[in-house]
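Residue strings, one per chain:
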Amino acid sequence: MMALLLAAGLALVALLPGWFGGFPPGRLLGLAASHAGLALAGVVPAALLGLALGVLVTRPSGRALRPAADALAAAAQAVPPVVAVALAVPAFGFGWGPTILALLLYGIMPVLRATVAALEAVPPEARLAALALGYTPAGALREVELPLAWPLVLDGLRVALVLAVATAAVGALAGAATLGTPIVLGLQNQNQLLVLQGAAATAALAFAAEGLLLALAGYGAGRGRRSSASPASSDGTAQSRKP
Amino acid sequence: MIAFENVSVSFDATEALSCVNLQVAEGVLCALVGPSGSGKSTLMKLVNRLVEPSAGRVLVRGADVAGQDPARLRRSIGYVMQSTGLFPHRTVAANIGTVPRLLGWDSSRIATRVADLLELVQLDPDLAQRLPGALSGGQAQRVGLARALAADPDILLMDEPFGAVDPITRRDLRAELRRIHAGTGKTILLVTHDPEEALELASQVVVLRDGAVVADGAPAALVAEDAPEFARTLLGGGQPGLRRLSLLPAEVARDACPAPADAPALPEGATLADALSRMAETGRDVLALGKGSLRLEAVLARGR
Ligand SMILES: Nc1ncnc2c1ncn2[C@@H]1O[C@H](COP(=O)(O)OP(=O)(O)OP(=O)(O)O)[C@@H](O)[C@H]1O
Ligand SMILES: [Mg+2]
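Residues numbered from 1 in each chain as written. Chains lettered and ligands numbered in written order. Predicted model: local features only at pLDDT ≥ 70, side-chain atom pairs only at ≥ 80, totals over all residues. Heavy atoms only, no water.

Chain B is annotated in an unreviewed UniProt entry as ABC transporter ATP-binding protein of Falsiroseomonas frigidaquae. Taken directly from UniProt, the Sequence similarities (unreviewed entry) text for chain B runs: "Belongs to the ABC transporter superfamily." (UniProt positions renumbered as here; feature names shortened; annotations may be inferred.)

As annotated in an unreviewed UniProt entry, chain A carries the name ABC transporter permease subunit and is attributed to Falsiroseomonas frigidaquae. Under the UniProt heading Sequence similarities (unreviewed entry), the note attached to chain A is "Belongs to the binding-protein-dependent transport system permease family." In its Subcellular location (unreviewed entry) section, the UniProt entry covering chain A states "Cell membrane".

Asks: Is there a simple way to explain the overall build of chain B in this structure?
Replies: Helices and strands together make up the secondary structure of chain B, namely 13 helices and 12 strands. Summarising its shape, the C-alpha atoms of chain B cover approximately 65 × 50 × 30 Å along the three principal directions. By the burial criterion, 52% of the 304 residues in chain B qualify as buried. Sequence-distant contacts in chain B: of pairs separated by 6 or more residues, those separated by 24 or more amount to 63%. Distance from the positive charge centre (32 side chains) to the negative charge centre (36 side chains) of chain B: 3 Å. (Helix = DSSP H or I, 4+ residues; strand = E, 2+ residues; numbered from the N terminus. Buried < 20%, exposed > 50% of the residue type's maximum accessible area, 1.4 Å probe, protein only. Contact = heavy atoms within 4.5 Å. Lys, Arg positive; Asp, Glu negative; His and termini not counted. Charge placed at Lys NZ, Arg CZ, Asp CG, Glu CD.)

Asks: Help me out: how do you make sense of the interface of chain B and chain A in this one?
Replies: Taken together, the contact between chain B and chain A spans 28 residues of the former and 22 residues of the latter. Taken over both partners, the interface formed by chain B and chain A buries close to 2200 Å², and the fraction arising from carbon and sulfur atoms is 68%. In terms of surface lost to chain A, no three residues of chain B exceed B:Phe87, B:Pro88 and B:His89, which account for 27% of the buried area on that side. Taken together, the connections running from chain B to chain A amount to 1 salt bridge. (Buried area = accessible area lost by both parts, 1.4 Å probe. Salt bridge = Lys/Arg side-chain N within 4 Å of Asp/Glu carboxyl O.)

Asks: Before we go on, may I ask you to explain the pattern of salt bridges in this structure?
Replies: Should their charged atoms come close, side chains of opposite charge can pair. Tallied over the full model, the rule gives 21 salt bridges over all chains. With a shortest N-O distance of 3.1 Å, A:Arg59 and A:Glu145 are connected by a salt bridge. Here A:Glu145 lies in helix α7 (residues 137–167) and A:Arg59 lies in the loop between α2 (25–58) and α3 (66–78), a separation of 86 residues in the sequence. The exposure classification of A:Arg59 matches that of A:Glu145, with both residues buried. When the shortest N-O distance is used, the salt bridge between B:Glu5 and B:Arg57 registers 2.9 Å. Here B:Glu5 is found in strand β1 (residues 2–11), whereas its partner B:Arg57 is found in strand β4 (residues 55–60), with 52 residues between them in sequence. Judged by its relative accessible area of 26%, B:Glu5 is partly exposed. When its relative accessible area of 39% is taken as the criterion, B:Arg57 is described as partly exposed. Among the charged side chains, a salt-bridge network with shared partners connects B:Arg170, B:Arg174, B:Arg178, B:Asp194, B:Glu197 and B:Glu200.

Asks: What is the right way to read the side chain of B:Arg232 from this model?
Replies: Residues and elements named next belong to chain B. Relative to the assigned elements, Arg 232 resides in helix α10 (residues 229–236). Glu 229 provides the closest opposite charge to the buried, unpaired Arg 232, separated from it by 4.1 Å. A distance of 3.3 Å separates the side chain of Arg 232 from the backbone oxygen of Ala 224, its partner in a polar contact. Discounting residues that sit within four places of it in the chain, Arg 232 has contacts with Leu 222, Val 223, Ala 224, Glu 225, Ala 227 and Pro 240. (Polar contact = N/O pair within 3.5 Å; in protein donor to acceptor, adjacent residues only side chain to side chain.)

Asks: How should the confidence of the model for chain A be read in this particular structure?
Replies: Note that predicted coordinates carrying low pLDDT should not be read in detail. Residue and element names in this part refer to chain A. Chain-level statistics for chain A give a pLDDT mean of 78 and a share of 85% at 70 or above. Mean pLDDT across the elements of chain A ranges from a minimum in helix α10 (residues 225–241), with 38, to a maximum in helix α6 (residues 124–133), with 94. In the predicted structure, residues 224–243 sits below a pLDDT of 50 and forms 29 contacts with residues beyond four places in sequence or in another chain. (pLDDT = per-residue confidence, 0-100.)

Asks: Help me understand the environment of B:Leu296 in this model?
Replies: Residues and elements named next belong to chain B. With respect to the helices and strands, Leu 296 occurs in helix α13 (residues 296–302). Measuring from C-alpha to C-alpha, the distance between Leu 296 and Val 65 comes to 51 Å, with 231 residues separating the pair along the chain. Excluding residues that lie within four positions of it along the chain, Leu 296 makes contacts with Leu 276, Met 279 and Asp 285.

Asks: What exactly am I supposed to notice about the nonpolar core here?
Replies: Ranked by internal contacts, the top residues of the largest apolar core, which has 122 residues, are B:Phe4, B:Leu43, B:Leu46, B:Ile96 and B:Met158. Broken down by element, the residue count for this core peaks at 12 residues, all from α7(A). Ranked by size, the runner-up nonpolar core spans 15 residues in total, among them B:Ala250, B:Leu266, B:Leu272 and B:Ala273. (Core = buried A, V, L, I, M, F, W, Y, C linked by side-chain atoms within 4.5 Å.)

Asks: Is there a simple way to explain the UniProt feature "transmembrane region" (unreviewed entry) in chain A in this structure?
Replies: Residues and elements named next belong to chain A. Cross-referencing UniProt, the feature "transmembrane region" (unreviewed entry) maps to residues 36–57, 69–94, 159–179 and 199–221 in the present numbering. Helix and strand shares over residues 36–57 are 100% and 0% respectively, and the end C-alpha atoms of the span are 31 Å apart. Secondary structure content for residues 159–179 is 43% helix and 0% strand, and the end C-alpha separation is 20 Å.

Asks: Could you clarify how one ought to interpret the site of ligand 1 in this entry?
Replies: Residues and elements named next belong to chain B. Residues in contact with ligand 1, as listed here, are Phe 11, Ala 16, Pro 35, Ser 36, Gly 37, Ser 38, Gly 39, Lys 40, Ser 41, Thr 42, Glu 160 and His 193. Ser 41 is positioned such that a nitrogen or oxygen atom in its side chain is 2.7 Å from an oxygen atom of ligand 1. Within the side chain of His 193, an N or O atom sits 2.8 Å from an oxygen atom of ligand 1. Contact with the protein chains removes 60% of the 640 Å² of surface that ligand 1 exposes when unbound. Looking at the shell around ligand 1 residue by residue, the classes come out as 3 nonpolar, 7 polar and 2 charged. (Near = heavy atom within 4 Å. Areas by Shrake-Rupley, 256 points an atom, 1.4 Å probe, with all protein chains shown as cover. Nonpolar A, V, L, I, M, F, W, Y, C, P; charged D, E, K, R; others polar.)

Asks: How should I be thinking about the packing of aromatic side chains in this particular structure?
Replies: Two aromatic rings are characterised by how far apart their centres lie and by the angle between their planes. Applying the stated criterion to the full structure yields 1 aromatic pair over all chains. Centroid distance A:Tyr135 to B:Phe87: 6.3 Å. Interplanar angle 70 degrees. Geometry classified as edge-to-face. Here A:Tyr135, found in the loop between α6 and α7, pairs with B:Phe87, found in the loop between β6 (77–80) and α3 (92–96), and the two come from separate chains. Both residues of the pair, A:Tyr135 and B:Phe87, belong to the buried class. (Phe/Tyr/Trp six-rings, centres within 6.5 Å; stacked < 30°, edge-to-face > 60°.)

Asks: For this particular structure, what's the right way to read the pairing of β6(B)?
Replies: Working note: regular strand, side chains alternate between the two faces of the sheet. Residues and elements named next belong to chain B. Burial along β6 is two-sided: Ile 77 and Tyr 79 and Gly 78 and Val 80, pointing in opposite directions, are all buried. Sheet topology places β6 next to strand β7 (residues 155–159); 4 bridges connect them, and they run parallel. Paired with Ile 77 across the two strands is Ile 155, which belongs to β7. (Pairing = 2+ DSSP bridges.)

In C-alpha cells:
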C-alpha cells in the first residue's frame, strides 16, 4: 500500500507547519473534507456519464455516435482546468458550480476511453456465445461483457479520481473552499509555507484516494478474481489450443 | 424439423449462400461439409437467427423463425461453437448452467443437471469449480458440449465442435456424440472438416460449395460412382471405393450357404472394407460370416 504510506507522509508535511505559524491544522482538515466532497461531486457524475457513453457507443445501435463522443471527450480534456473554471464562472457564479463543471469535463475522458477499450477487448466469441445461448443484448452486457471489462474500466475510474482530486484545487480560484485555498492565499501574501502546505495536502489526498480505490479493487478482485485473472489466461490457452 | 426454402444470405458485397433448399428431418444427424468459406457456419446460424436470410425462409419445428423471439428461440436450441466460447469469468459449473438459469430453473435443479451432464460428457466432477482458462482443449470442448445440452434441447447445432483436439480425444468425443444422438434422438446439424467424421456419424451429408448445396444424401451415396464429382473428391479421401465399402455392413453381401470349414471368420458388425482387408491379408476369396459366407465377388458388387 505504497500510495497510502505516501499519503500519510505528505499529510504530515502539510499539517506540521501549522504549529509553527503556518495554516492552522484544524482549518486544513476542514478544507480537505470539502475538497474531497467537491472532487467526488465532480467525479461521480463524470464516471457515470463516461460509463454510459462508453456502453452506448459500443452497441451496434450507437456505433454511429462513436466519433462524436471521442471528439467531445478529447475537446473536454484539451481545455485547461483553469480556463474551464474561469469560463464557467459567468454561468454558474462563484463557488462549487464552475469547479464541478470543470471536474465533470475532466473526468469523462479517462472513463469513456477505458470503458470503450475494455468493452472492445472482450473476446468476441464470449459475446457471440452469450447471444447464441439466448441472452438478450442487455443480458449479455450485464452478465458477460461488463464483468469481463471491469478490471480495465476500474483503471479508468482510478485515473479520473486522482485527476479530480488534483484538479479540485483549482476551484479555489472560483472561491470554492478547497485545499487550493491556502495555495492562493500563500501566492497573494508571498507566503511559501502556505503554498507548500496546500500542495502537500492536495497530493496527500490524491494518493489517499488512489490507495482507497486500489484497496476496494483488491477486495473486489479477491471476491471475483476470475474476472481480472482469466481473460489473459484464457487467451493464452486459446492460442496454444490452435492446431 | 428444420427446412431451408430458397434461402439466400448476403453480407454487404459477398453472397454467402445463394438459393439453398434443404430439409433435415426430426432425429437426423446431418453433417455439413465443404471448403472454408463455403457457407457452412452461415447456414447453421440461420437456424437460431444469429444470421438473417436476405431472401427465402427458414422453418424450425414447422414455424418460420423470422416471427420468433430470438432469445427464446436460441434458448431452445443447443449451440456448440468452434472456439468453445466458454465464458472466461465463470466456472465450469456456471458455464454449463447458463441456459437453465436463463430459463429460470431453481438452483438445486440446475446443480443436479450440471452433475448429470459432467458425467454424460465424462468430465471429472472436481472440474466443476474451475475456470475455463484452467482446462485442456479437450476438456473445454466437453464443457461446451455439456453447456449446449444443458436444457435438453431437441435441436443441436455444432460448428466444428471437435476442431482443436488431438485425434484420440477427437475419437472419444465422436463416440460420445454418437452415443448421445442414439440415446436422445435429437436433431443435430454438425459442421466438420473431417470427411471420415461426417461419413461415420451422419445419416445425411450435405456438401456446400461457394454458398450452394452441391450434394445432399446418405453417406454411402455421396461416395458412390454416380455421386457428384466434387462430393466424391471431398469425401472420398482419394479412395472413394474403399470409403464406400467402409460404410456398408458386411451383412448386406452375406450368402446364406455356409463357408468352407477352413475359411477365416469375420466378426459381427464388420464392414465390407473390413472383409476386403481380411481377404487381402489371408489371400482367401471367401470368409465365414455368422452361419453364412461372404464372397469376394459379392463384396465388389456392392462397391459400386
Ligand atoms: N459477419 C460476416 N460479415 C461479412 N461476411 C461474412 C460474415 N460471416 C461470413 N461471411 C462470409 O460469408 C462466407 C461464408 O462464411 P462461413 O463462415 O459461413 O463459411 P464456412 O463454410 O463456415 O467456413 P469455415 O470452414 O472457414 O468456417 C465467407 O465468404 C465469409 O467471408
Ligand atoms: Mg465456419
